[in-house]
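Chain by chain, the residues run as shown.
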Amino acid sequence: MTYEEFIEAFKARAESELSYDPALMKFYPQGYTSDDPKIFEFIQDTNKKFSGDEASPWLTKDILLLTCKDKSGAELSQRIAIRDVYDDAQKEGFDAMFDEVRKSQPDPDVIDMERVNKRSSAEYDDMKAQLIIRPLNYGLHMSDLRGCVYERVGDFALVLYQLLGDAEHSIASSKIMREELERWGMSSRKDEVMRDALANTARLYPACVFDNRGAETPDDEKEADFLTGEFERKDITIDGKYIFLSTFRVTNGAVSLFYPGVVEKMMSITGGPFWAVFMNINDVLIFETGDKSAENYAKVARVGGGRAEMLSVRVYRCDKNGISPV
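Residues numbered from 1 in each chain as written. Predicted model: local features only at pLDDT ≥ 70, side-chain atom pairs only at ≥ 80, totals over all residues. Heavy atoms only, no water.

When helices and strands are tallied, the protein chain shows 12 helices and 15 strands. The C-alpha radius of gyration computed for the protein chain amounts to 20 Å, which stays within 12% of the reference 20 Å derived for 326 residues, consistent with globular compactness. Considering only C-alpha atoms, the protein chain reaches an extent of 55 × 55 × 35 Å along its principal axes. Residues counted as buried form 49% of the 326 residues belonging to the protein chain. Counting only contacts in the protein chain whose residues sit at least 6 apart along the sequence, the fraction spanning at least 24 positions is 63%. Looking at the protein chain, you have 42 positive and 58 negative side-chain charges, and the mean spots of the two groups are 4 Å apart. (Helix = DSSP H or I, 4+ residues; strand = E, 2+ residues; numbered from the N terminus. Rg over C-alpha atoms; globule rule 2.2 N^0.38 Å. Buried < 20%, exposed > 50% of the residue type's maximum accessible area, 1.4 Å probe, protein only. Contact = heavy atoms within 4.5 Å. Lys, Arg positive; Asp, Glu negative; His and termini not counted. Charge placed at Lys NZ, Arg CZ, Asp CG, Glu CD.)

Okay, structure coming up:
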C-alpha cells in the first residue's frame, strides 16, 4: 500500500469506526505554513507536540487533522502525525496500528457532567476518589501548567487532574488548580493529595508488562499485572534488551513507574538499580544501568511518534532513593 493509499484507507476507517466527519478531515503536509494567525498557532502548537520545535514557522511532520462533534455540537479534534503512523503500520500491520490510534481518540460521550458541575462546590473528601496523575513534558506545557498542581521530575511533570470520565479507549480529565487546594484546605498537604491521586491512578490503571513465557512469537506475549505477578527478568525482557512497562489501558502509562511498589519490585527483578527511558507519555522501557542502548532510545523519544506525545529526552536512574535523571 502506497502512502497516499494508506491515507485514504485511514480516513475511511476513521469515518466508519471512530465517527470522524470526512468533511472535517484535513491533511497538512510537512513544510506547510500560513499567514493566517489561527493556522500559524496550530502549526506551532503541533510542532511543539510532535517534535518539540515550536520556533519553526513550517510544519515539521505530515499531519492529518480529524474532527468529530460532542452532544452539544462542540468540535473535538485529534492530530495524527500520519507519516509516522504509516511507518508504524508497515511494521505492526494496519489493524494493530489503528487500534492504538483508537485508544487515543477523544470520546465526545465520556465526560460525566455531574462531576464537572459539582467540582466548584465539592470538598476534598468528595473529590479525593476522582483525582489522578498524568505526565506531561514540562517544556511543551509550561504555559498550560501555570496555576496548576504538579511535581517536577527532570524535564517533565506529574500533574494533578480530576477524572471526568473513562471509556474503553478514552480518559477525560481536567487539571486541578492551586486555588482549588486552598478552597479544600489542602494547600499545606499537597504531598498527601498527590499520593492519594497516584494511589487512585494505580488502582484504576494497573501497571503491566509483557510476559513472554510460552510465547513463540512477540504476538503471543501476554500483558500481565506487574505488581501481582511473579516474574524473573527473562520472563518479561523483550529482544534481550529491555522491559516494557505501561498500563493495561496504555494511555497515560508512563506514570506507572511512579506507582507505589513498582520501582522496588523492578529492582528485585533486575537485581538492583536500573535505568528507565520514557518513550512517550504512554510507554517506559527499563534497561540495566550503563546500557548504552538506553541513550539511543532516549534520542528516538526526542523525535516523538505519530500516536503519543513526547514526555522526556532523558535517561533516568531508578534506585532506593527514587527516580532522577542520569
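Generally speaking, soluble globular proteins have nonpolar side chains that are buried together. Ranked by internal contacts, the top residues of the largest apolar core, which has 59 residues, are Leu-160, Phe-226, Leu-257, Phe-258 and Phe-278. Sorting elements by how many residues they give to this core places strand β6 (residues 156–167) first, with 7 residues. Those residues in contact with Leu-257 that lie beyond four places of it in its chain are Leu-245, Val-262, Val-263, Phe-274, Ala-276, Phe-278, Val-284, Ile-286, Cys-318 and Ile-323. Formed by 20 residues, the second largest nonpolar core is a distinct cluster that contains Ala-14, Val-85, Tyr-86 and Phe-94. (Core = buried A, V, L, I, M, F, W, Y, C linked by side-chain atoms within 4.5 Å.)

The next subject is the environment of Glu-264. The residue Glu-264 is located in helix α11 (residues 262–270) in this model. Distance in space between the C-alpha atoms of Glu-264 and Asp-319 is 7.8 Å, their sequence separation being 55 residues.

Here the focus is the pattern of salt bridges. Counted under the stated rule, the structure contains 15 salt bridges. Across the salt bridge formed by Lys-61 and Asp-84, the nearest N and O atoms sit 2.9 Å from each other. Of this pair, Lys-61 sits in the loop between α2 (37–50) and β2 (63–69) while Asp-84 sits in helix α3 (residues 82–92); the two residues are 23 residues apart in sequence, bridging distant segments of the chain. Residues Lys-61 and Asp-84 agree in their burial class; the two are buried. Residues Asp-319 and Arg-317 are paired through a salt bridge, measuring 2.9 Å at the closest nitrogen-oxygen approach. We classify Asp-319 as buried; its relative accessible area is 15%. Ionic contacts of the salt-bridge type, sharing partners, join the residues Asp-211, Arg-213, Glu-232, Lys-234 and Asp-235 into one network. (Salt bridge = Lys/Arg side-chain N within 4 Å of Asp/Glu carboxyl O.)

Turning our eyes to something else, we now look at the packing of helix α1 (residues 3–18) against α3. Packing of α1 against α3 brings their axes to within 11 Å, and their N-to-C directions diverge by 100°. As judged from the angle between their axes, α1 and α3 are roughly perpendicular. Between α1, through Tyr-3, Phe-6, Ile-7 and Phe-10, and α3, the contact on the second element is made entirely by Ile-82, Arg-83, Val-85, Tyr-86 and Ala-89. (Axes fitted to C-alpha atoms, helices over the stretch in contact; angles between N-to-C directions. Parallel < 35°, antiparallel > 145°, perpendicular 65-115°, else oblique.)

A separate point is α2. Here α2 is 14 residues long and its end C-alpha atoms lie 20 Å apart, about the 20 Å a rise of 1.5 Å per residue gives. With a side-chain oxygen lying 2.9 Å from the backbone nitrogen of Lys-38, the N-terminal cap of α2 falls on Asp-36. (Expected span 1.5 Å × (residues − 1). Polar contact = N/O pair within 3.5 Å; in protein donor to acceptor, adjacent residues only side chain to side chain.)

Bringing the pairing of strand β11 (residues 242–247) into the picture now. Counting buried positions along β11 yields 6 of 6 residues, so the element is predominantly enclosed. Note: strand β8 (residues 207–211) against β11, 2 bridges, orientation antiparallel. Its bridge partner lying in β11, Cys-208 is registered against Ser-246. Relative to β11, strand β10 (residues 237–238) is paired through 2 bridges, and the arrangement is antiparallel. Paired with Thr-237 across the two strands is Ile-243, which belongs to β11. Linking β10 back to β11 in an antiparallel pair, the connection comprises 3 residues, with Asp-239 at a positive phi of about 55°. (Pairing = 2+ DSSP bridges.)

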